[in-house]
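# Structural description and commentary
Now for the letters of each chain:
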Amino acid sequence: MGLRGCLLGLLALFVAGKCSYSPEPDQRWTLPPGWVSLGRVDPEEELSLTFALRQQNVKRLSELVQAVSDPGSPRYGKYLTLEDVAELVRPSALTLHTVHKWLLAAGAQKCDSVTTQDFLTCWLSVRQAELLLSGAEFHRYVGGPAETHVVRSPHPYRLPQALAPHVDFVAGLHRFPPTSSLRQRPEPQVAGTVGLHLGVTPSVIRERYNLTAQDVGSGTTNNSQACAQFLEQYFHDSDLAEFMRLFGSNFAHQASVARVVGKQGRGRAGIEASLDVQYLMSAGANISTWVYSSPGRHEAQEPFLQWLLLLSNESALPQVHTVSYGDDEDSLSSAYIQRVNVEFMKAAARGLTLLFASGDSGAGCWSVSGRHQFRPSFPASSPYVTTVGGTSFQNPFRVTNEIVDYISGGGFSNVFPRPSYQEEAVTQFLNSSPHLPPQSYFNSSGRAYPDVAALSDGYWVVSNRVPIPWVSGTSASTPVFGGLLSLINEHRLLSGRPPLGFLNPRLYQQHGAGLFDVTHGCHESCLNEEVEGQGFCSGPGWDPVTGWGTPNFPALLKALLNP
């Protein structure tokens, strides 16, 4: 049956037919460890599904991101408003009409759009959804540390062929919530304690990265920062207060989070949520802070995607966002990854700085057709975010030089080609590194990450009123780097300049100016005879373990203040 025949059957679009297609044929579906099925969902139960509608002018959006983010461009810092972005990417009238008519015919209720009109979230009964999405079969699952309930389909879905030019994918069918890779390491053993610190605290960070008591927000600008959490974890105000009482007495800081977007659960605080808030607010001290907390949570929604929808629906947002979420690139469909990448482009065009943790599995490892390869992580591998790796102190009890934290995620994307801004730096690394793994383990032409790093080992966190030592992961380094960028934004705003926006083009042009180069150590990878657990190694300049290095705040401020 041809396309014309499909279009004539708009009223029956939700019925399975010969003219259907799979929007995400490469989406891997496996039940994550620790999750179990509770069986089919009642056909009359309501669920919420999000439809990603095809955007327009994506190439033009990419060009504008380059123009507003490149210090050599006359458009540098002249960011787009949300309304500008909406005008550019809004789906065509035909797309909007076709999808609305299809959903209406299927009985969808209460459909909500966003300002950019490229996402549509609708409520349907399970019976309607299974008719609409041919092949889907909704089951309820429970799992994860918080015993989270989700509704997902173990089978792929198909859409009418007539929708192929109009719908990128439907969210809420396959992807499960991520789990935290944060770990509590055993305390290193050392003899004697004179002149030593007993773990990373705000004062250790401020000493290592050369911040003074005056390096705090002024309280006179509209500067703000945010962290986003998708793990069904919550922070407690009482933990933040106790953390600042113990560790924040020598610098001005804000006593509470300015705004929580989403629902704050009443259960126990999670270590990761506590860590994000406490170190974003102590590194970016005295700056208004928002927390996105599993926003818009419904069993059939994907919290990370809901956060992206919020960015597309709010015109006044914090300038810096730090996120500790990540998935294996290969676990996600091409349609999903490419579309999420466009969402990052939309944020970059608006002058938002998005920082993502590089992950805690080193180069990663998986087997493809019986051969081992490194395993890149997304969104760390997106060319439109700034990715933060991790380091340790050379001497774990002294504020010394930093070396690689062996868990620091890094490598080369198998999806995104190397962006032009890092061409020189990555070529230099590949040509000069004496310890390159075999070429078959990684895609040397892919987007390479991380871009920068910070301490990720041995943090103190207060959770449920209890101080917890030796918490480690790039979930720690990311809010620290984000907080320092917020302080730099404060200086920029006070001097009448725009915020930093998407940092990478400038960062690479300046060859990591203002950063301590980390030149010692390698991260972990495949435990086999060929590479023996070793991934990439750090060296002079940029490397795929610690990027350009860790912040030297006065020098970084000087490098990023003008223009």
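What you see as residue numbers is a count from 1 along each chain, following the sequence as written. Selection of residues for local features in this predicted model requires a pLDDT of at least 70, selection of side-chain atom pairs for listing and counting requires 80 or more, and totals for whole chains, interfaces and linings are taken over all residues. The side-chain numbers reported here are obtained from all heavy atoms of the structure, hydrogens and water having been left aside.

Named according to an unreviewed UniProt entry, the chain is Tripeptidyl-peptidase 1 originating from Oryctolagus cuniculus. UniProt positions are given in the numbering used here, feature names are shortened, and annotations may be inferred rather than shown by experiment. What the UniProt record of the chain gives under Catalytic activity (unreviewed entry) is the line "Release of an N-terminal tripeptide from a polypeptide, but also has endopeptidase activity."

### Thoughts on the domain arrangement of the chain
Each domain of the chain was delimited in the assignment, giving domain 1 (25-55 + 90-171) and domain 2 (202-561). The centre of domain 1, based on its C-alpha atoms, is set 31 Å off from the matching centre of domain 2. Any pair of residues with heavy atoms lying within 4.5 Å of one another is described as a contacting pair. Listed by partner, the interface residues are 29 residues for domain 1 and 24 residues for domain 2. Two parts placed together each lose some accessible area under a 1.4 Å probe, and the buried area is that loss summed for both. When the area that domain 1 buries against domain 2 is broken down by residue, the three leading residues are Arg28, Phe119 and Phe169, summing to 24%. Whenever a carboxyl oxygen of Asp or Glu lies within 4 Å of a side-chain nitrogen of Lys or Arg, that contact is scored as a salt bridge. At the junction of domain 1 with domain 2, the criterion picks out 4 salt bridges. Here Arg339 ties to Asp168 by a salt bridge, and the two come within 2.9 Å at their closest N and O atoms. The definition of a polar contact used here is a pair of N or O atoms within 3.5 Å, where within protein one atom must be able to donate a hydrogen and the other to accept one, and adjacent residues in sequence count solely through side-chain atom pairs. On inspection of domain 1 and its partner domain 2, the count reaches 13 residue pairs in polar contact (both at pLDDT 80 or more). Note: domain ranges come from an automatic or database domain assignment.

### Section: the nonpolar core
With 144 residues, the main nonpolar core has Phe51, Leu133, Phe138 and Trp307 as its most contacted residues. Counting residues per element, this core draws most heavily on helix H10 (residues 334-349), at 9 residues. Ignoring anything within four residues of it in the chain, the contact list for Phe51 reads Trp102, Leu103, Asp118, Phe119, Leu120, Cys122, Leu132, Leu133, Phe169 and Val170. Take the buried Ala, Val, Leu, Ile, Met, Phe, Trp, Tyr and Cys residues and link them wherever side-chain atoms come within 4.5 Å; each set so joined is a nonpolar core. Note on exposure labels: buried denotes an accessible area under 20% of the residue type's maximum, exposed denotes more than 50%, and partly exposed covers the range between, all computed with a 1.4 Å probe on protein chains only. We count a stretch as a helix when DSSP gives it H or I for four or more residues in a row; a strand needs E for two or more, and each element gets its number in order from the N terminus.

### Remarks on the environment of His139
As for its placement among the helices and strands, His139 is situated in strand E6 (residues 139-143). Residue His139 is classed as buried on the basis of its relative accessible area, which comes to 13%. Once the C-alpha coordinates of His139 and Pro434 are considered, the two residues, 295 residues apart in sequence, prove to be 51 Å apart. Residues contacting His139, with those up to four places away along its chain left out, are Ser37, Gly39, Arg40, Val41, Val150, Val151, Arg152 and Pro154. Side-chain polar atoms of His139 contact the side chain of Glu137, separated by 2.9 Å.

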